[in-house]
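Coordinates in review
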Amino acid sequence: MYFCDWLHGDVRQYDITDTSKPKLTGQIWLGGLLKNENDFQDNRQLHGGPQMIQLSLDGKRLYVTNSLYSTWDDQFYPGIKQDGSYLVKIDCDSENGGMKLDQNFYLSFKNEPNGPARAHEMRYPGGDATSDIWN
């Protein structure tokens, strides 16, 4: 099971084989208000915290964006308005547990044709995200 904490800034992976005793098996930091840390090696500035997630159908990749709702973004993370939001990819080990931030996959929505944009939900047409099962 995967969990995002938009305010704190972390993405968590839990083993829920024993539903009465969930076990934390992975954690990655992507900004946040309370700690404002991130697991990128170059310590790039990340406005906002992880919000929307999509797990690939094979369970090996978790895609994360950071915009929740524009009025809340503006209140808690005003930098998103100027810098736009981001999309990142986390490699997941769904069998043994553990997550690793892909250091080479970072998509910024700062320089869009109509100005900075806010990425919320993402989907690969005909492809890779769990939302495709509804098509």
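Look up a bit, the structure's there.
Residues numbered from 1 in each chain as written. Predicted model: local features only at pLDDT ≥ 70, side-chain atom pairs only at ≥ 80, totals over all residues. Heavy atoms only, no water.

Along its length, the chain carries two helices and eight strands. Put simply, the chain runs from its N terminus to its C terminus through helices and strands in the order β-β-β-β-β-β-α-α-β-β. Radius of gyration (C-alpha) of the chain: 15 Å, near the 14 Å computed for a compact globule of 135 residues. When each of the 135 residues of the chain is scored for burial, the buried share is 41%. Within the chain, contacts between residues separated by at least 24 positions form 53% of all contacts whose residues are at least 6 apart in sequence. On the chain, roughly 7,900 Å² of surface is accessible, and the fraction owed to carbon and sulfur atoms is 50%. Across the chain, the 13 positively charged side chains and the 19 negatively charged ones have centroids separated by 2 Å. (Helix = DSSP H or I, 4+ residues; strand = E, 2+ residues; numbered from the N terminus. Rg over C-alpha atoms; globule rule 2.2 N^0.38 Å. Buried < 20%, exposed > 50% of the residue type's maximum accessible area, 1.4 Å probe, protein only. Contact = heavy atoms within 4.5 Å. Areas by Shrake-Rupley, 256 points an atom, 1.4 Å probe, with all protein chains shown as cover. Lys, Arg positive; Asp, Glu negative; His and termini not counted. Charge placed at Lys NZ, Arg CZ, Asp CG, Glu CD.)

So, about the pairing of strand S2 (residues 10-15). Pairing of strand S1 (residues 2-5) with S2, which is carried by four bridges, proceeds in the antiparallel orientation. Directly across from Cys 4, in S2, lies its bridge partner Val 11. Here S1 folds back onto S2 in antiparallel fashion, the turn holding four residues, of which Gly 9 has a positive phi close to 105°. Relative to strand S3 (residues 23-31), S2 runs antiparallel, the two sharing six bridges. Within the sheet, the bridge partner assigned to Asp 10 lies in S3 and is Trp 29. (Pairing = 2+ DSSP bridges.)

Just distances and angles here, no functional claims.
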